[in-house]
Amino acid sequence: MASLIVPDSIPSVAEDIEQLHKAFSGWGTNEDLIISILAHRNAEQRKHIRQAYAEAYGEDLLHSLEKELSSDFERIVLLWTLEPAERDAVLLNESTKRWTSSSQVILEIACTRSSHTLLSAKQAYHARFKKSLEEDVASLITGDFRKLLVPLVSTYRYEGPEVNTTLAKREAKILHEHISAKEYNHDEIIRILTTRSKTQLFATFNHYNNEFGNAITKDLKADADDDFLKTLRSVIKCLVTPEKYFEKVLRLAINKTGTDEWALTRVVATRVEVDMNVIKEEYYRRNTVQLDHAIKADTSGDYENMLVALIGA
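Residues numbered from 1 in each chain as written. Predicted model: local features only at pLDDT ≥ 70, side-chain atom pairs only at ≥ 80, totals over all residues. Heavy atoms only, no water.

Draft legend 1. Region of interest: helix α5 (residues 71-81). Counted residue by residue, α5 has 8 buried out of 11 residues, so it is predominantly covered. Buried residues in α5 make contact with α2 (31-38), α3 (43-57), α4 (61-68), α6 (84-97), α17 (261-271) and α20 (301-311). (Buried < 20%, exposed > 50% of the residue type's maximum accessible area, 1.4 Å probe, protein only. Helix = DSSP H or I, 4+ residues; strand = E, 2+ residues; numbered from the N terminus. Contact = heavy atoms within 4.5 Å.)

Dropping the structure here:
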């Protein structure tokens, strides 16, 4: 469930675009007015606002926002205003150019989106950047990471609830054999992680734990400094417990020395309309601090106000 609160008495699109245009007029920009409108409109409403604004004023709302805003506040407002598939496409394109084992946005999007949502993001990527996501991942990322990421972004997983218990047991054994042999980049490990449905993988990982006495993610911590192992653990978390993955991203973004605004902005913009309430619960369970309190303590100004308005108190 999303935490975005949309009041019952939403003004019309015409009123919204008039108010947004006013926010850009006169002396200075009215950031509070921008937040009061955009932070309380869902994806479909924002789409209509952007279309109506372009028709009324002859300019994409994004361009008007770019001219008036700056810094982290600009980035959260722009990402939020984009349609979800377009937003994912932008984030994916950025990530192909700055991939590191600690900047795992490609696998994050590939593993936490539904098959249909991932396909929509890839179509938006193709339309915006005039090439395929697979093409960029394959050409800009190398080695074992490429071997893993290309099939991850290429997959179209089954989304249904059916589970094959016999298959789950067999593939749990396959995973254990190759992990025990430290063959972390083995084709079978990559095949299982990149093709099976999330419900099937959940069953497989449960069998792994029950049969071999350890969670698969624990066995993948054998070498704490191995970046590929860290990536495999992130893939598994994103596939079966995304709320734990995103909680950790937020915790590291907020609690380390200096805020990681890139990560904080990305998670808020992409998860508010998906599962932010669950992420907030996990954050509180893990840190005994409410997420909005942590954000207020670590950010300031219009950026803080936009983030807090989006995630809800």
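Next comes the rest of the account.
Draft legend 2. Just the pattern of salt bridges, in detail. Going through the model one piece at a time under the given rule, you end up with 20 salt bridges. For lysine 147, the salt bridge is made with aspartate 187, and the minimal N-O distance between the two is 3.0 Å. Placement of the pair is lysine 147 in helix α10 (residues 143-154) and aspartate 187 in helix α12 (residues 187-195), with a sequence separation of 40 residues. Of the residues examined, lysine 147 reaches a relative accessible area of 32% and is grouped as partly exposed. You can call aspartate 187 exposed: its relative accessible area is 52%. Several salt bridges share partner residues, and in doing so they unite Arg50, Asp60, Glu86 and Arg128 into one network. (Salt bridge = Lys/Arg side-chain N within 4 Å of Asp/Glu carboxyl O.)

Draft legend 3. Highlighting the state of the cysteines. Summed over the entire model, instances satisfying the criterion amount to 0 disulfides. With no disulfide of its own, cysteine 111 has cysteine 238 as its nearest cysteine by sulfur position, at a separation of 5.6 Å. For cysteine 238, a relative accessible area of 1% puts it in the buried group. (Disulfide = S-S within 2.5 Å.)

Draft legend 4. Seen up close, a positive patch on the surface. The grouping of Lys218, Lys221, Lys248 and Arg286 at the surface amounts to a positive patch. Secondary-structure assignment places lysine 248 in helix α16 (residues 242-255). (Patch = residues over 30% accessible without salt bridge, like charges linked within 9 Å, V, L, I, M, F, W, Y side chains within 5 Å. Areas by Shrake-Rupley, 256 points an atom, 1.4 Å probe, with all protein chains shown as cover. Lys, Arg positive; Asp, Glu negative; His and termini not counted. Charge placed at Lys NZ, Arg CZ, Asp CG, Glu CD.)

Draft legend 5. Spatial organisation of the packing of aromatic side chains. Scanning the entire structure with this criterion turns up 6 aromatic pairs. Ring centres of phenylalanine 24 and tyrosine 53 lie 6.3 Å apart, and the angle between their planes is 80°; this geometry places the pair in the edge-to-face category. Here tyrosine 53 lies in helix α3 and phenylalanine 24 lies in helix α1 (residues 13-24), a separation of 29 residues in the sequence. With relative accessibility at 12%, the residue phenylalanine 24 sits in the buried group. Aromatic pair phenylalanine 145 and phenylalanine 228: ring centres 5.8 Å apart, planes at 70°, arrangement edge-to-face. Of this pair, phenylalanine 145 sits in helix α10 while phenylalanine 228 sits in helix α15 (residues 227-240), and the two are 83 residues apart along the sequence. For phenylalanine 228, a relative accessible area of 7% translates into the label buried. Counting every residue linked through ring pairs, the aromatic cluster contains Phe24, Tyr53 and Tyr57. (Phe/Tyr/Trp six-rings, centres within 6.5 Å; stacked < 30°, edge-to-face > 60°.)

Draft legend 6. Spotlight on the environment of histidine 63. Within the fold, histidine 63 resides in helix α4. A residue is classified by how much of its surface remains accessible, and histidine 63, at 41% relative accessible area, is partly exposed. On a C-alpha basis, the gap between histidine 63 and leucine 78 in space is 9.2 Å, while along the polypeptide they are 15 residues apart.

Draft legend 7. Looking closely at empty space enclosed by the protein. Scanning the entire structure with this criterion turns up 1 cavity of 30 Å³ or more. The volume enclosed by the largest cavity comes to roughly 50 Å³. Around the largest cavity sit Ala110, Arg113, Ser114, Ser115, Leu118, Thr155, Arg157, Glu159 and Lys198, which together line it. Considering only residue class, the lining of the largest cavity consists of 2 nonpolar, 3 polar and 4 charged. (1 Å grid on protein atoms, 1.4 Å probe; cavity = no way out; pocket = protein on both sides within 12 Å on 5 of 7 lines; lining within 4 Å. Points joined across faces, edges and corners; volume = space filled by probe spheres on them. Nonpolar A, V, L, I, M, F, W, Y, C, P; charged D, E, K, R; others polar.)

Draft legend 8. Local environment of α20. All buried positions along α20 are accounted for by Tyr303, Glu304, Met306, Leu307, Val308, Leu310 and Ile311. Lining the buried residues of α20 we find α2, α5, α17, α18 (276-287) and α19 (291-298). Following α20 by one or two positions, glycine 312 has its phi on the positive side, about 80°.

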